[in-house]
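An overview of the molecular structure
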There are 2 protein chains.
Amino acid sequence: MSAIITLFYRMDLAFFVILTLLSGGVQAYDYLQPLPSQPQIPADNPQSKAKIALGKQLFFDTRLSKDGTLSCNSCHNLAAGGDDDGSVGKISQGKLKRSAPGLWNVGHMSVYYWDSRATSLETQAADHILDPAVMGMSSEEALIARFSAIPGYAKEFSNAFSGSKALNLKNIARAIASFERTLNTPDSRFDQYIQGKESILTKQEKRGIQLFNDVGCLACHFGGNFAGPAPGPALKMGDGFYELFPNHMGSHYDKKYDLVADLGLYHITLNPADKRLWRVPSMRNIVLTAPYFHNGSVASLEEAVRVMAKTQLQKELDEKEVMDIVAFLKTLTGEIPEITLPQLPDTEGLSLLTKN
Amino acid sequence: MSAIITLFYRMDLAFFVILTLLSGGVQAYDYLQPLPSQPQIPADNPQSKAKIALGKQLFFDTRLSKDGTLSCNSCHNLAAGGDDDGSVGKISQGKLKRSAPGLWNVGHMSVYYWDSRATSLETQAADHILDPAVMGMSSEEALIARFSAIPGYAKEFSNAFSGSKALNLKNIARAIASFERTLNTPDSRFDQYIQGKESILTKQEKRGIQLFNDVGCLACHFGGNFAGPAPGPALKMGDGFYELFPNHMGSHYDKKYDLVADLGLYHITLNPADKRLWRVPSMRNIVLTAPYFHNGSVASLEEAVRVMAKTQLQKELDEKEVMDIVAFLKTLTGEIPEITLPQLPDTEGLSLLTKN
């Protein structure tokens, strides 16, 4: 299935390249788009103020994890790029082997997890709560028993959702996803440029855009979120954009950065065709989410660009090319929205996490 | 020394009781005070906007910890009572055996740590960064080397402090302490009551105040922060208020809640007279900081009140008395100030925590 989708997008890309050539264009600017003003909102989870406010509380609530130590924000740190900044696996005490992807603009992705195994933010959030390697709640029943004991939440779930049993895993995930869909970073210098403010980018940054196309990066990192096709009318939500990584095996990077041990989507599907298939990550705010790759093995963006050129496109970039592309990527940092720390509903005078 | 100070305060209390009796008063309302509008500010660390803003960033910055997993906020969670909510030791992977004290109104304390070993917030913050059981930075040099590599901080330290080498451990601690001194929660229902709004408390809550005095709790938990003497003209900053806990050993609570294994201040001074000496904790926002005691062994405030009456005052409270005192303690929850999540200075395109 994923192979078919990959093929489909590659055909799409081929048409694009042919059309670009026919029209005499050398710049693939049609493939470059500003960040849409809003992510697509799923029909069964419309945004509401109450739901977003509830989702923000849940996002910061460590009681979602079995031992009360981890909130969503522990790994997707909204004070620092929306990711875990080099502490891969340490927060989860070695249980997680993958770097927490940056969360800004996540509503513009069409698949979730590095291995693209979830097709909605709602699924991703619900899975994380029950995953023994992440938050580790033993069951939905245990989760609901704990949260039912927090008086403030009962009221907020009733406000945010209809129905008598509003406090359930599905609605917890819906609220978190609704909050996450507000985490967008518009107005990057690139966005201003692509919308007509030509002078805002330097010559080097513009060379970087051209190189990003010419080298081949844009073939996968295209669209408003630079992560392949976004959900939209032409694509069903959940249709993802997978790529082989490494595409060309055998470079010294394979060993140096341990790039082939983790087989990506294959670990979920056990389908040999899915070996080393990964979601195309977004390039937006990419300078805020070092270290790079699914295993967080590469500390710098310069090196990540070198690795990608070699492993995906069999190209060796010279230092000027690397610096030009990085200069362009730095223009993709948007305006981070102001977030007020929520105050979480309290079980007054009682700890739910202590036996005695 | 601590024994002398304890004696001094007990004499102080004796005078108070005598004076109260002489004046015919039965209510110890002189010992009940509203939260002062501001904590005392040390002369060598005046507050400034730049320093507070910098301190807020540092407070939320996990790069203060060796492996990049812990910020101050990880254990003193400002979204949830300013403490660690029952996850004692788990955040530190078993290295810490004590519950993180709540942080609200911390500037009104005169000593720090459960065992009162630090006499300023600045010392506490600096110690935590280098403590192997907490943030575990190997040395001040390692800390400064890491933070010097974060361009945004260099500028902010220059703005907040004078001198050419503004980025040092002392100033990091000063900035964090300055931010912490803004973490005050005024206008609790109790504060409104004590300032004349008699009708704001229920009969039960007022009975609780009277009981809190009559049972003897107020002997230690007095003053604006209900934690003994605050720093002030009569007392030098750093003069603390220690108490034996358990004061009366031998109740079944000793074993049930493991109250005598940890010897408090003794572990620091090795002076036998300091065995089981502990700081008097604040009662403000006490319902937000379950579980209770230095080891977080008691889940509920009701039980904590029972334990304290027995171990400190050799009294057995009936259930009505317990509920009355708890009702009063619930009036001590103040207004939590709104905190905007800071955006931390970034090492753009580079992780400081990854080797490659």
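These numbers come from a predicted model, not from an experiment. (Residues numbered from 1 in each chain as written. Chains lettered and ligands numbered in written order. Predicted model: local features only at pLDDT ≥ 70, side-chain atom pairs only at ≥ 80, totals over all residues. Heavy atoms only, no water.)

The next subject is the overall build of chain A. Assigned secondary structure in chain A consists of 13 helices and two strands. Taking all 356 residues of chain A together, the buried fraction comes to 59%. In chain A, 70% of the contacts between residues at least 6 apart in sequence involve partners at least 24 apart. Here chain A displays about 15,000 Å² of accessible surface, and carbon together with sulfur accounts for 57% of that area. (Helix = DSSP H or I, 4+ residues; strand = E, 2+ residues; numbered from the N terminus. Buried < 20%, exposed > 50% of the residue type's maximum accessible area, 1.4 Å probe, protein only. Contact = heavy atoms within 4.5 Å. Areas by Shrake-Rupley, 256 points an atom, 1.4 Å probe, with all protein chains shown as cover.)

Residues and elements named next belong to chain B. When you line up the elements, Arg146 lands in helix H5 (residues 140-148). Among the polar contacts listed, one links the side chain of Arg146 to the backbone oxygen of Arg63, at a separation of 2.5 Å. Not counting chain neighbours up to four residues away, the residues in contact with Arg146 comprise Arg63, Ser65, Lys66, Met137, Leu352 and Leu353. (Polar contact = N/O pair within 3.5 Å; in protein donor to acceptor, adjacent residues only side chain to side chain.)

If you look at the interface, chain B gives 49 residues, while chain A gives 49 residues. Carbon and sulfur atoms supply 53% of the area buried between chain B and chain A, which totals about 3,800 Å² over both sides. On inspection of chain B and its partner chain A, the count reaches zero salt bridges. Along the contact surface separating chain B from chain A lie 12 residue pairs in polar contact (both at pLDDT 80 or more). In terms of residue class, the side of chain B that touches chain A is made up of 22 nonpolar, 17 polar and 10 charged. (Buried area = accessible area lost by both parts, 1.4 Å probe. Salt bridge = Lys/Arg side-chain N within 4 Å of Asp/Glu carboxyl O. Nonpolar A, V, L, I, M, F, W, Y, C, P; charged D, E, K, R; others polar.)

Moving on: the relation of the copies chain B and chain A. Structural alignment of chain B on chain A gives an RMSD of 0.0 Å, achieved by rotating through 180 degrees and translating 0.0 Å along the axis. Read as a symmetry element, the transformation amounts to a two-fold axis. Closest approach to the rotation axis within chain B is made by the C-alpha atom of B:Thr340, at a distance of 2.1 Å. When you check the interface residues of chain B against chain A, 100% turn up at the interface there too, and the contact is symmetric in its surfaces. (Least-squares fit on C-alpha atoms with pLDDT ≥ 70 in both.)

Residue and element names in this part refer to chain A. Domain boundaries in chain A define domain 1 (4-37 + 185-330) and domain 2 (49-180). Listed per partner, the contact involves 34 residues of domain 1 and 24 residues of domain 2. Counting the surface lost from both domain 1 and domain 2, the interface buries some 2,300 Å², and carbon and sulfur atoms represent 58% of this. Looking only at domain 1, the three residues that lose the most surface to domain 2 are Asn225, Arg279 and His294, adding up to 26% of its buried area. Linking domain 1 to domain 2 there are one salt bridge. (Domains from an automatic or database assignment.)

Here the focus is helix H7 (residues 169-180) of chain B. Between the first and last C-alpha of H7(B) there are 16 Å, a value that for 12 residues agrees with the 16 Å anticipated at 1.5 Å per step. Next to the buried residues of H7(B) lie helix H2 (49-59), helix H3 (72-75), helix H4 (121-130), H5 and helix H6 (151-160) of chain B. (Expected span 1.5 Å × (residues − 1).)

This part covers the packing of H4(B) against H7(B). In a packed pair of helices, the relevant descriptors are the angle between the two axes and the axis-to-axis distance. All names here are of chain B. Between H4 and H7, the shortest axis-to-axis distance is 8 Å and the interhelical angle comes to 120 degrees. Considering the angle they form, H4 stands oblique to H7. H7 is crossed by H4, and the crossing has right-handed handedness. Together, Leu121, Glu122, Ala125, Ala126, Ile129 and Leu130 of H4 and Leu169, Ile172, Ala173, Arg174, Ile176, Ala177 and Glu180 of H7 make up the contact between the two elements. The residue inventory of the contact of H4 with H7, partitioned by class, reads 10 nonpolar, no polar and three charged. (Axes fitted to C-alpha atoms, helices over the stretch in contact; angles between N-to-C directions. Parallel < 35°, antiparallel > 145°, perpendicular 65-115°, else oblique. Left-handed = near helix turned anticlockwise from the far one by under 90°.)

Residue and element names in this part refer to chain A. A rise of 1.5 Å per residue sets the reference length of helix H13 (residues 319-330), with its 12 residues, at 16 Å; its end C-alpha atoms lie 16 Å apart and thus fit the reference within 8%. All of the buried residues along H13 are Val322, Asp324, Ile325, Val326, Ala327, Phe328 and Leu329. For H13, the N-terminal capping position is held by Asp318, with its side-chain oxygen 3.1 Å away from the main-chain nitrogen of Lys320.

Note on pairing: side chains with opposite charge can pair once their charged atoms come close. Residue and element names in this part refer to chain B. For the structure on display, the rule yields 24 salt bridges over all chains. Across the pair Arg284 and Asp191 runs a salt bridge whose closest N-O atoms are separated by 2.8 Å. With Arg284 in the loop between strand E2 (277-279) and helix H12 (301-313) and Asp191 in helix H8 (residues 189-194), this pair connects stretches of sequence that are 93 residues apart. Taking the relative accessible area as the measure of exposure, Arg284 reaches 5% and is therefore buried. The class for Asp191 is buried, based on a relative accessible area of 2%.

Another aspect to go through is the packing of aromatic side chains. One pass over the full model with this rule turns up 26 aromatic pairs over all chains. One aromatic cluster is present, built from ring pairs that chain together A:Phe147, A:Tyr153, A:Phe157 and A:Phe161. The residue whose ring lies beneath B:Arg117 is B:Tyr113, and the NZ or CZ to ring-centre distance is 3.6 Å. (Phe/Tyr/Trp six-rings, centres within 6.5 Å; stacked < 30°, edge-to-face > 60°. Lys NZ or Arg CZ within 6 Å of the ring centre and 35° of its normal.)

The next thing to look at is the environment of B:Ser164. Inspection of the secondary structure assignment puts B:Ser164 in the loop between H6 and H7. Separated by 74 residues in sequence, B:Ser164 and B:Lys90 have C-alpha atoms that sit 40 Å apart.

With that out of the way, let us pick up unusual backbone geometry. Residue and element names in this part refer to chain A. Omega for the peptide link from Phe245 to Pro246 comes to -10 degrees, which places this bond in the cis form. Within the fold, Pro246 resides in the loop between strand E1 (242-244) and helix H10 (253-256). In the Ramachandran plot, Phe293 falls in the positive-phi region, its phi being about 80 degrees despite a non-glycine side chain. Secondary-structure assignment places Phe293 in the loop between strand E2 (277-279) and helix H12 (301-313).

This part covers the environment of B:Asp127. All names here are of chain B. Within the secondary structure, Asp127 is located in helix H4. Exposure remark for Asp127: the relative accessible area of 34% places this residue in the partly exposed category. For the pair Asp127 and Ala173, spaced 46 residues apart in the sequence, the C-alpha separation amounts to 8.9 Å.

Looking now at the confidence of the model for chain A. Residues and elements named next belong to chain A. Per-residue pLDDT for chain A averages 89, and the proportion of residues at 70 or more is 88%. Predicted confidence is poor over residues 1-28, with pLDDT under 50, and the contacts of this stretch with residues over four places away or in other chains come to 29 contacts. The complex model carries a pTM of 0.91, and its ipTM stands at 0.90. (pLDDT = per-residue confidence, 0-100.)

This brings us to the packing of H2(B) against H6(B). Residues and elements named next belong to chain B. Relative to each other, H2 and H6 sit at 145 degrees, their axes nearing to 8 Å. The chirality of how H2 crosses H6 is left-handed. Along the contact surface, H2 presents Ala50, Lys51, Leu54, Gln57 and Leu58, while H6 presents Tyr153, Glu156, Phe157, Asn159 and Ala160. Counted by class, the contact of H2 with H6 contains six nonpolar, two polar and two charged residues.

Below, the discussion takes up the environment of A:Val106. Residues and elements named next belong to chain A. Mapped onto the secondary structure, Val106 falls in the loop between helix H3 (72-75) and helix H4 (121-130). Given a relative accessible area of 8%, Val106 falls into the buried group. Sequence separation between Val106 and Gln195 is 89 residues; the distance between their C-alpha atoms is 22 Å. Those residues within four positions of Val106 in sequence are excluded, and the remaining contacts are Tyr112, Leu121 and Glu180.

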